[in-house]
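# Structural characterization, general
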Amino acid sequence: MRRNEFEVNDPEAIERFLAECDYGVLSIISDGVPYGVAVNFAFGDGMFYFHGALEGKKAQAISTHANCSFTAIKPYAYIPSYLSDTRSACPATQFYASVVANGAVVRIDESAQKAFGLNALMQKMQPEGGYEAIDMANPIYTKMLEKTAVYAIKPETITFKVKTGQNLPKERKASLIEKLQARGEDETIQQMKEHL
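Residues numbered from 1 in each chain as written. Predicted model: local features only at pLDDT ≥ 70, side-chain atom pairs only at ≥ 80, totals over all residues. Heavy atoms only, no water.

## Quick notes on the overall build of the chain
Just so we agree on the cut-off: The secondary structure listing takes helices from DSSP runs of H or I that are at least 4 residues long and strands from runs of E that are at least 2 residues long, numbered from the N terminus. The rule is simple: take the accessible area with a 1.4 Å probe, protein chains only, and divide by the maximum for that residue type; under 20% is buried, over 50% is exposed, in between is partly exposed. Contacts: residue pairs with any heavy atoms within 4.5 Å of one another. Accessible surface is estimated by sampling points in the Shrake-Rupley manner with a 1.4 Å probe; for residues, cover comes only from the protein chains shown. In this count, Lys and Arg are taken as positive residues and Asp and Glu as negative ones, while His and the chain termini are left out. Taken as the charge location is NZ of Lys, CZ of Arg, CG of Asp or CD of Glu.
Helix and strand counts for the chain stand at six helices and eight strands. Taken over the C-alpha atoms alone, the chain extends approximately 60 × 45 × 25 Å along its principal axes. For the chain, with 196 residues in total, the buried portion stands at 40%. The long-range fraction of contacts in the chain, counting pairs at least 24 apart against all pairs at least 6 apart in sequence, stands at 70%. Element-wise, carbon and sulfur atoms account for 51% of the exposed surface of the chain, whose accessible area totals about 11200 Å². Distance between charge centres in the chain, computed from 21 positive and 24 negative side chains, equals 8 Å.

## Considering the side chain of Lys 74
Short version of the rule: Two N or O atoms count as a polar contact when they lie within 3.5 Å, although within protein this holds only if one can serve as hydrogen donor and the other as acceptor, and sequence-adjacent residues are included solely when both atoms are side-chain atoms.
Inspection of the secondary structure puts Lys 74 in strand β6 (residues 67-79). A polar atom in the side chain of Lys 74 sits 2.7 Å from the side chain of Glu 187.

## A few points about the environment of Thr 64
Mapped onto the secondary structure, Thr 64 falls in helix α2 (residues 57-64). Separated by 33 residues in sequence, Thr 64 and Asp 31 place their C-alpha atoms 8.8 Å apart.

## Some remarks on the packing of aromatic side chains
The test is simple: Pairing of aromatic side chains here covers Phe, Tyr and the six-membered ring of Trp, requires ring centres within 6.5 Å, and sorts the geometry by plane angle: under 30 degrees stacked, over 60 edge-to-face, intermediate tilted. Working rule: Lys NZ or Arg CZ, within 6 Å of ring centre, within 35 degrees of ring normal, means a charge sits over the ring.
Overall, the coordinates contain seven aromatic pairs when judged by the stated rule. Geometrically, the ring pair formed by Phe 41 and Phe 48 is tilted, given 6.0 Å between the ring centres and 50 degrees between the ring planes. Across the pair, Phe 48 and Phe 41 agree in class, each one buried. Joined through ring pairs, the aromatic side chains of Phe 41, Phe 43, Phe 48 and Phe 70 make up one cluster. A cation over a ring is seen here: Lys 124 above Phe 41, with NZ or CZ 3.5 Å from the ring centre.

## Things to note about the layout of surface pockets
The line we're drawing: Buriedness of a pocket was judged along seven lines, with at least five required to meet protein on both sides within 12 Å; pockets are open sets of points on a 1 Å grid over the protein atoms alone, cavities are sets where a 1.4 Å probe fits but cannot get out, and lining residues have an atom within 4 Å of a point. Grid points are joined across faces, edges and corners, and a volume is the space filled by probe spheres set on the points. When residues are sorted by character, Ala, Val, Leu, Ile, Met, Phe, Trp, Tyr, Cys and Pro go into the nonpolar class, Asp, Glu, Lys and Arg into the charged class, and all the rest, Gly among them, into the polar class.
Counted as a void, the largest pocket has a volume near 200 Å³. Every residue lining the largest pocket is counted, 13 residues in all, and those nearest its centre are Arg 16, Glu 20, Tyr 76, Gln 191 and Glu 194. Sorting the residues of the lining of the largest pocket by element identifies α1 (11-20), β8 (148-163) and α6 (186-194) as the ones contributing at least two each. For the second largest pocket, the calculated volume is near 170 Å³. Taken together, Glu 15, Leu 18, Ala 19, Phe 41, Ala 42, Phe 43, Gly 44, Phe 116, Asn 119, Ala 120, Gln 123 and Lys 124 form the lining of the second largest pocket. Counting only elements with at least two residues in the lining of the second largest pocket, the list comes to α1, β4 (42-44) and α3 (111-125). Residue composition of the lining of the second largest pocket, by class: seven nonpolar, three polar and two charged.

The following block contains the structure:
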């Protein structure tokens, strides 16, 4: 990462962030061409889990080229240039956080690990419960587990970037926080204060 003031190296902060992100973009190679596809995901045991079909473009690309990049992004406030009291367009920016992981994606065929990945997805997407845990021994899931592909990304590297004005002078940051308060951008302000 070029601007190290934006980098966060706290594994717990990375896990909290990933738990808040609804989806990410899996970037792979399909027929020699870069291919990015949005997927719901869960992060657990140091791996990213997602599901899909056993056949199709994504499944074929994964079986051909295991190397991948995965990105999860959470936008915070858009910062228009006029909040910097200038007529120049240059200060316009977007505050956000992102995780980028690089590694290999593999299809999981072992039943217990497939169930683990799918349960991780359900716990993230439906934390209130209301469903039976996914288990190959449970007859309501037998056919579904056979027909559903579960994939895991084993990351070699994970970087976490939080861009919330860490590079701004104190006076400009204070002025920006005041203007963001008027817009009701509480989450962005919280992130700005957390990542000084």
